[in-house]
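# Fold and contact review
The primary structure of each chain is shown beneath.
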Amino acid sequence: MLNNKKILMSFILYCILNHAQAEVLVILPESGPLARAGLSIKQGFMSAYQASELETPIKFVNSDKKPIAQLLKQNVNKKTQMVIGPLARQDVEALIKAKPKVRVLALNDASSQFANVEQFSLSKQEDAVALNQVLQNDKIKELYVLQQKDAEIDNELFLISLLTQTNYRLNLIEEAPKKLNKHTGLLLLGNNAWLNKLPQLPHKNIYILANAVEQGQTLPVGVKFCDAPALYGSEWPDVIQAVQENVIPMAYQRLIAFGGDAWHIASQYLAEPNLKSMQFQGRTGLIQVNNNQIQRIPHCYENTKKGIRALL
């Protein structure tokens, strides 16, 4: 009987120690061309992690110039509870080809799929879905599209995504119209400096992408856009604190918010490994997870004379 008690106590101690040693592996670029993006995601991830109650150890690995298959082989072991990352699309593709046995939350989308790999991103397809809903609410039946020169390739995926959802006409134009009909909209695709150099614009039915919004810079009155809600409210103190510590362009503020949402998704799986679905209002929008598929729906806004207001 005493022997059995010793065996039971040893087993319980083993389970406790084994659980305590469990860790999360985060693969991000910390050097090279994607370093600033990777470090912004890391900053948001750690801000959210420190604000949570989970104490699972986090191990960061630099993905720059290193084959993903090699990184997985060197760093994934019996202690690895979950992998988060990588960031570059080609690295996500390589990770899927490696067919990891551990659950992975990849931080970009890829053309291929694998059961253990969930793909979470700030995708332009999701931006198109959100903006299309605004267009429908405004009863737009025809949309003029004016693009900044030399930036067309950056907007290609967004326009393709928008086209697949719409049943109204999209017309590429060379000059912004001064007036619009009631059911006609104007989509302006370019950065903030280009946007503010355009001649007088209509005050209604004007739409832009989030990359035209810059902190401290003006926006034409009446423009509507969809973006990460953490940048426009006080609901996420971890993002606010991270941003206040340094003057950061809004593109990297979005990545800080993205990192925070990545940790939130991961923390739910750490708490409930068999979780199949979840939904929450995140830093980057409404996050819905069903059967390894993640959908992000950004919040949408309008710039008024009194400032930016949320659209219902």
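Every chain's residues receive numbers from 1 upward, in the order its sequence appears when written. Where local features are concerned, this predicted model is filtered to residues with pLDDT of at least 70; where side-chain atom pairs are given and counted, the filter is 80 or more; whole-chain, interface and lining totals use all residues. Note: side-chain values were computed over all heavy atoms of the structure, leaving out hydrogens and water.

Turning next to helix α6 (residues 152-165). Helix numbering and strand numbering both begin at the N terminus, where a helix is a DSSP run of H or I of at least 4 residues and a strand a DSSP run of E of at least 2. The span expected for a helix works out to 1.5 Å for each residue beyond the first. Its 14 residues give α6 an end-to-end C-alpha distance of 20 Å, which sits within 8% of 20 Å, the value for a rise of 1.5 Å per residue. At Phe158, α6 shows its maximal kink, close to 30 degrees. It only takes one pair of heavy atoms within 4.5 Å for two residues to be counted as in contact. Where α6 is buried, its residues touch α5 (124-137), β6 (142-147), β7 (169-172) and β8 (184-189). Axes are fitted to the seven residues ending at a residue and to the seven starting at it; the angle between these axes is taken as the bend at that residue.

This next bit is on the pairing of strand β1 (residues 23-28). Side chains on a regular strand alternate between the two faces of the sheet. Across the 6 residues of β1, 6 count as buried, placing the element largely inside the fold. Working definition: with a 1.4 Å probe on protein chains only, accessible area under 20% of the residue-type maximum means buried, over 50% means exposed, and in between means partly exposed. The alternating pattern of β1 places Glu23, Leu25 and Ile27 and Val24, Val26 and Leu28 on opposite faces, both of which are buried. Across 4 bridges, the pairing between β1 and strand β3 (residues 80-84) is parallel. Residue pairing in the sheet places Val26 in a bridge with Ile84 of β3. Pairs of strands are assigned from DSSP output, requiring at least two bridges between the strands. Bridge count between β1 and strand β2 (residues 58-62): 5 bridges; the pairing is parallel. The residue of β2 that forms the bridge with Val24 is Ile58. Read as a crossover between parallel neighbours, the route from β1 over helix α2 (residues 35-51) to β2 is right-handed. When the strands point away from the viewer, a crossover counts as right-handed if the route from the first strand across the helix to the second turns clockwise.

Let us look at unusual backbone geometry. A cis amide bond links Gly85 with the next residue in sequence, Pro86, at an omega value of 0 degrees. Relative to the helices and strands, Pro86 resides in the loop between β3 and α4 (89-98). Unusually for a residue other than glycine, Asp150 sits at a positive phi of about 70 degrees. Residue placement: Asp150 occurs in the loop between β6 and α6. Classification of Asp150 by relative accessible area gives exposed; the value is 75%. For Asn292, which is not glycine, the phi dihedral falls at a positive 70 degrees. As for its position among the elements, Asn292 is in the loop between β12 (285-290) and β13 (293-297).

Any residue with an atom within 4 Å of a point lines the site, the site being either a cavity, points on a 1 Å grid over the protein atoms alone where a 1.4 Å probe fits but cannot get out, or a pocket, an open set with protein on both sides within 12 Å along at least 5 of 7 lines. Grid points are joined across faces, edges and corners, and a volume is the space filled by probe spheres set on the points. Looking at the largest pocket, its volume works out to about 1,200 Å³. Counting residues per element, the ones that place at least two in the lining of the largest pocket are α5, α6, β10 (223-227) and α9 (250-271). Considered class by class, the residues forming the lining of the largest pocket number 22 nonpolar, 10 polar and 8 charged. Each residue is assigned to one of three groups, with Ala, Val, Leu, Ile, Met, Phe, Trp, Tyr, Cys and Pro labelled nonpolar, Asp, Glu, Lys and Arg labelled charged, and all others, Gly among them, labelled polar.

Moving on, we get to the pairing of β8. With 6 of 6 residues buried, β8 is to be regarded as a mostly interior element. Side chains Thr184, Leu186 and Leu188 of β8 all project onto a buried face; the interleaved residues Gly185, Leu187 and Leu189 project onto the opposite face, where all are buried too. One ladder, built from 6 bridges, connects β6 with β8; its direction is parallel. Along β8, the bridge assignment pairs Leu143 with Gly185. Across 3 bridges, β8 lies against strand β9 (residues 206-208) in parallel orientation.

Our focus in this paragraph is the sheet that holds strand β5 (residues 117-119). What the 5 strands build is an open sheet, ordered β2-β1-β3-β4-β5; its pairing is parallel. The sheet is open, and its two edges are formed by β2 and β5, each paired on a single side. Between one strand and the next, the sheet's axes are offset by a mean angle of 20 degrees, whatever the strand orientation. By the bridge criterion, 3 bridges tie strand β4 (residues 104-106) to β5 in an arrangement that is parallel. When the sheet's bridge partners are listed, Val104 is paired in β5 with Val117. To obtain each axis, a line is fitted to C-alpha atoms, and for helices this fit is confined to the stretch in contact; angles are then taken between N-to-C directions over 0 to 180 degrees. Its contacts with the sheet put helix α3 (residues 68-75) on β1, β2 and β3, and the angle it makes with β1 is roughly 155 degrees. Each of β1, β2, β3, β4 and β5 is contacted by α9, which is oriented at about 155 degrees to β3, the strand it contacts most.

With that settled, the discussion passes to the confidence of the model for the chain. Per-residue confidence from the predictor is reported as pLDDT, a score between 0 and 100. Per-residue confidence for the chain averages 90 on the pLDDT scale, and 93% of its residues sit at or above 70. Mean pLDDT across the elements of the chain ranges from a minimum in helix α1 (residues 2-21), with 47, to a maximum in β4, with 98. Segment residues 10-20 is flagged for pLDDT under 50; beyond a separation of four residues in sequence, or across chains, it makes 1 contact in the model.

The working definition used for a salt bridge is a side-chain nitrogen of Lys or Arg within 4 Å of a carboxyl oxygen of Asp or Glu. Counted under the stated rule, the structure contains 11 salt bridges. Between Arg89 and Asp109 there is a salt bridge, with its nearest N and O atoms 2.6 Å apart. Of this pair, Arg89 sits in helix α4 while Asp109 sits in the loop between β4 and β5, placing them 20 residues apart in sequence. For Arg89, a relative accessible area of 42% gives the class partly exposed.

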